[in-house]
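Examination of the molecular architecture
Now for the letters of each chain:
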Amino acid sequence: MSTPEQRQLRLGAFLFQVGHHVASWRYPDTDAQGILQHAFYEHFAQTAERGKFDMIFLADTLAVVDRFKTNIKHTVTVRPEPITLLSYLAGVTEHIGLAATVSTSYHEPYNLAREFSCLDHLSGGRAAWNVVTSGRDEEAHNFSQDRHLAHDKRYERAREFVDVVTSLWDSWEDDAIVADKENGIFADPNKVHELNHRGEFFAVRGPLNLPRSPQGRPVVIQAGASETGKHLAAETAEVVFTAWQTLEEAQLFYRSVKELAVTYGRSPDDILIMPGIFPVIGATEEEAREKEALLQSQVLPAVGLSMLSASLNVDLTGYPLDGPLPDLPELQQVNGGKSRFQLVSDMARREGLTIRQLMYRVTGARGHRTIYGTPVQIADQLEEWFKGGACDGFNIMPPYLPGGLEEFVDLVIPELQRRGLFRTEYEGTTLRDHLGLSKPQSRFQKAESVSGY
């Protein structure tokens, strides 16, 4: 068992369709219709909570992306709206954190601040917002735009967006509600603050029409690994979701973000790094690899090629599958996801992969690291990265659902607990408690609050 001083893993359960593998809906043990049923999501959340995960996490996009005319026909393009879904899951869980992606590109700060604050109140302090910028023109086309903003401009907007949202979450001080029935005073107006924000992208008066939430503010997550993304994370994020293939790459990213946090006046402990991991679990390593081979056998080549083309911002149709990648654009020319482009192209060069080999890396873990083996082997690999200074925990990406998460909870979690690397019980009530993050003070809070009504 772990001592109170021993550092422990943070774990997120990443919910994506009926599994992260693009062919998971064809896997024998999945229910492709389950993505439309509340019981599917309830089972996922309760299984993760049974495993004492810190949080469940929902990714999101604001479009059906089918630029190569394969996705609608051959893949799952259904995306549940995350705030609605997490609000439901708040009522069927008690402890686990509830994290969702909402883009800064096609939302307004006031609406987003209100939605996540309400979720935080309803869940007793378990909400988290994953800050992303939209990088697909398909999303722009659903919001009256011809193209999405340039990469740097998207991040400038995101930085201002986060500042406005966190200011709105702070606009009521913790003790602003008085509820003095005798004197008819509900709230102290001296402790409810207007923002009167006017910036390049937003003009927001405030205050929010909700009081400060149970954990002060919802936890802020960020998922970009480009240079601009790293700076946004180091300045504003409390958790960083990322993707790396090698221990050395992960260690370098870990150190760089922690060091950047210090330059923004923060402690390295104020920010947690959690790379995505795609675990394929078997009674033996051979069985685990046979599971993955079965999943890969269900991938239509056209689907794999379209996914790889989207990752690299290059149309690869017409190139020989067993040949090398063609010349790729320079990173500065990419106006989509720069970090994913860099990760996938680096993987191809480092390992000398053909187009076919590379596309199978993308169809499974989508650029994240795949690990195979028995529960002990899986735990070994997680422990190596955790103790090797590459991460503070992991965002677990089950290949198929519900079985992939059940196997992790029933087989890997007990091994991590046996090693003292993961909790056996929740010790607090909020997501900040689970993650070991302090409750932030409102930026409007005075050193000594003076009440005058």
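Residues numbered from 1 in each chain as written. Predicted model: local features only at pLDDT ≥ 70, side-chain atom pairs only at ≥ 80, totals over all residues. Heavy atoms only, no water.

For clarity, the threshold we go by: UniProt positions are given in the numbering used here, feature names are shortened, and annotations may be inferred rather than shown by experiment.
Going by an unreviewed UniProt entry, the protein carries the name NtaA/DmoA family FMN-dependent monooxygenase and comes from Paenibacillus anseongense. UniProt, in its Sequence similarities (unreviewed entry) section for the protein, records the words "Belongs to the NtaA/SnaA/DszA monooxygenase family."

**Here's the deal with the environment of Ser213**
Formally: Helix and strand definitions here come from DSSP, where helices need a minimum of 4 consecutive H or I residues and strands a minimum of 2 consecutive E residues; each element is numbered from the N-terminal end. Throughout this description, buried means an accessible area under 20% of the type-specific maximum (1.4 Å probe, protein chains only), exposed means over 50%, and partly exposed covers the range between.
Tracing the chain through its elements places Ser213 in the loop between strand E8 (203–204) and strand E9 (219–222). A relative accessible area of 4% places Ser213 in the buried class. Put simply, Ser213 and Trp385 are 172 residues apart on the chain and 34 Å apart in space, counted from C-alpha to C-alpha.

**Comments concerning the pairing of strand E11 (residues 272–281)**
Applied cut-off: In this description, strands pair whenever DSSP reports at least two bridges between them.
Burial analysis of E11 places 10 of its 10 residues in the buried class, which makes it a mostly covered element. Here E11 shows two buried faces, one formed by Leu272, Met274, Gly276, Phe278 and Val280 and the other by Ile273, Pro275, Ile277, Pro279 and Ile281. Examined bridge by bridge, strand E10 (residues 239–242) and E11 share four bridges and lie parallel to one another. From the neighbouring strand, Thr242 faces E11, where its bridge partner is Pro275.

**A closer look at the packing of helix H6 (residues 151–169) against helix H7 (residues 227–236)**
For clarity, the cut-off: In this analysis, axes come from line fits to C-alpha atoms, helices being fitted only over the stretch in contact, and the angle between any two N-to-C directions falls in the range 0 to 180 degrees. Orientation categories follow fixed angle ranges, with anything under 35 degrees roughly parallel, anything over 145 roughly antiparallel, 65 to 115 roughly perpendicular, and all other angles oblique. What makes two residues a contact is simply this: any of their non-hydrogen atoms within 4.5 Å. Following the grouping adopted for this structure description, the nonpolar residues are Ala, Val, Leu, Ile, Met, Phe, Trp, Tyr, Cys and Pro, the charged ones are Asp, Glu, Lys and Arg, and the polar ones are all others, Gly among them.
Interhelical geometry of H6 versus H7 gives an angle of 10 degrees and a closest axis separation of 10 Å. Compared by their axis directions, H6 and H7 come out roughly parallel. Counted together, His151, Asp152, Tyr155, Ala158, Arg159 and Val162 of H6 and Thr228, Gly229, Leu232, Glu235 and Thr236 of H7 form the full contact between these two elements. Residue composition of the contact of H6 with H7, by class: four nonpolar, four polar and three charged.

**Some words on the environment of Leu195**
Residue placement: Leu195 occurs in the loop between strand E6 (185–187) and strand E7 (197–198). Separated by 193 residues in the primary sequence, Leu195 and Gly388 place their C-alpha atoms 43 Å from one another. Those residues in contact with Leu195 that sit more than four places away from it in its chain are Val164, Ser167, Leu168, Ser171, Val204, Arg205, Gly206 and Phe444.

**As for the nonpolar core**
Note the cut-off: Residue types Ala, Val, Leu, Ile, Met, Phe, Trp, Tyr and Cys, when buried and joined through side-chain atoms within 4.5 Å, form a set referred to as a nonpolar core.
The biggest cluster of nonpolar side chains holds 80 residues, and the ones touching the most others in it are Phe53, Ile56, Trp129, Phe408 and Leu416. Other than its neighbours up to four places away in sequence, Leu416 contacts Leu9, Leu11, Ala379, Leu382, Phe408, Leu421 and Phe422. Among the nonpolar cores identified, the runner-up in size contains 23 residues, and Ala243, Val314, Leu353 and Leu358 belong to it.

**Things to note about the packing of helix H3 (residues 82–90) against helix H4 (residues 109–123)**
In the contact formed by H3 and H4, the axes pass within 9 Å of each other and the chain directions differ by 10 degrees. Taken as axis vectors, H3 and H4 run roughly parallel relative to one another. Within the contact between the two elements, H3 uses Ile83, Leu86, Ser87 and Ala90 and H4 uses Glu115, Phe116, Leu119 and Ser123.

**Some remarks on helix H8 (residues 247–263)**
Each α-helix winds once per 3.6 residues, and so residues spaced three or four apart point in a common direction. Rules: For a helix, the expected span equals 1.5 Å multiplied by the residue count minus one.
Over its 17 residues, H8 extends 25 Å from the first C-alpha to the last, a length consistent with the 24 Å expected when each residue adds 1.5 Å. Among the residues of H8, those classed as buried are Leu247, Ala250, Gln251, Phe253, Tyr254, Ser256, Val257, Lys258, Leu260 and Ala261.

**Here we look at the side chain of Thr363**
Counted only if it meets this: Whenever two N or O atoms come within 3.5 Å, that pair is a polar contact, provided that in protein one can donate a hydrogen and the other can accept it, and provided that, for residues adjacent in sequence, both atoms are side-chain atoms.
If you trace the backbone, Thr363 turns up in helix H12 (residues 355–365). Reaching out from Thr363, the side chain makes a polar contact with the backbone oxygen of Tyr360 at a distance of 3.2 Å. Ignoring sequence-local partners within four residues, the contact set of Thr363 consists of His20, His21, Val22, Gln296, Val299, Gly304 and Met307.

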